[in-house]
Amino acid sequence: MSMESEMRMRFGGFWNSLILLFVIIVCLRFSSLELADADLTKRVLCALHLFFGCVATGVLLGILRIFLAFSNQTYTRAPASANFALGLKYGIVAGGLLILIVGVLQLNNFLGVFQPMINGLLAKLTSIFV
């Protein structure tokens, strides 16, 4: 498959678009709470910086998947475009998930009305290990 069709397959569709939208929303929420006293352009630039950091993580993971695929046997190896597109998707999702975790742990009221439930869950989890 070509790289274009592989990207369309990995990032197309409703659920994949919803995941990308979720990552963008998490980046916007994090930057708006972190830079609450700054102007709108600075908050949007911070959100873009965070999202492009997620994309950079995805590119790095995609390249790493290509290099690690060379250790497989030839008949079990996926094409380089499939490895790169899947690594890009996983990297963007992993970067968004890390921003979400940092936002929940560091910022007050990051999840809005769901924050008390998350705080209770985190308190129970930390009481298990302490």
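Our subject in this report is the structure included herewith. (Residues numbered from 1 in each chain as written. Predicted model: local features only at pLDDT ≥ 70, side-chain atom pairs only at ≥ 80, totals over all residues. Heavy atoms only, no water.)

### Points about the side chain of Ser31
With respect to the element layout, Ser31 can be found in helix H2 (residues 14–34). Take Ser31: its relative accessible area is 1%, and that puts it in the buried class. A polar atom in the side chain of Ser31 sits 3.1 Å from the backbone oxygen of Arg43. Setting aside residues no more than four positions away along its own chain, Ser31 makes contact with Arg43, Cys46 and Ala47. (Helix = DSSP H or I, 4+ residues; strand = E, 2+ residues; numbered from the N terminus. Buried < 20%, exposed > 50% of the residue type's maximum accessible area, 1.4 Å probe, protein only. Polar contact = N/O pair within 3.5 Å; in protein donor to acceptor, adjacent residues only side chain to side chain. Contact = heavy atoms within 4.5 Å.)

### Some remarks on the packing of helix H3 (residues 40–69) against helix H4 (residues 80–106)
Relative orientation of the contacting elements H3 and H4 amounts to 140°, with a least axis distance of 6 Å. With respect to their mutual orientation, H3 and H4 come out oblique. The two elements H3 and H4 meet at a crossing, and its hand is right-handed. Here H3 contributes Leu50, Cys54, Val55, Thr57, Gly58, Val59, Leu61, Gly62, Ile63, Arg65, Ile66 and Ala69 to the contact with H4, which in turn contributes Ala80, Asn83, Phe84, Leu86, Gly87, Leu88, Tyr90, Gly91, Ile92, Gly95, Gly96 and Ile99. Class assignment for the residues of the contact of H3 with H4 results in 15 nonpolar, eight polar and one charged. (Axes fitted to C-alpha atoms, helices over the stretch in contact; angles between N-to-C directions. Parallel < 35°, antiparallel > 145°, perpendicular 65-115°, else oblique. Left-handed = near helix turned anticlockwise from the far one by under 90°. Nonpolar A, V, L, I, M, F, W, Y, C, P; charged D, E, K, R; others polar.)

### Thoughts on H3
An ideal rise of 1.5 Å per residue puts 44 Å on 30 residues; H3 measures up with 43 Å between its terminal C-alpha atoms. Listed in full, the buried residues belonging to H3 are Ala47, Leu50, Phe51, Cys54, Gly58, Gly62 and Ala69. If you follow the buried residues of H3, they end up packed against H2 and H4. (Expected span 1.5 Å × (residues − 1).)

### Topic: the environment of Ala69
When you line up the elements, Ala69 lands in helix H3. Separated by 24 residues in the primary sequence, Ala69 and Leu45 have C-alpha atoms spaced 36 Å apart.

### Digging into the packing of aromatic side chains
What the rule picks out here adds up to three aromatic pairs. On the basis of an interplanar angle of 75° and a centroid distance of 5.0 Å, the ring pair of Phe14 and Trp15 is categorised as edge-to-face. Given the relative accessible area of 57%, Phe14 is considered exposed. For Trp15, a relative accessible area of 61% corresponds to the exposed category. Both rings, one in Phe51 and one in Phe52, keep their centres 6.2 Å apart while their planes meet at 50°; by these two values the pair is tilted. On the basis of relative accessible area, Phe51 is assigned to the buried category, the value being 18%. With relative accessibility at 52%, the residue Phe52 sits in the exposed group. (Phe/Tyr/Trp six-rings, centres within 6.5 Å; stacked < 30°, edge-to-face > 60°.)

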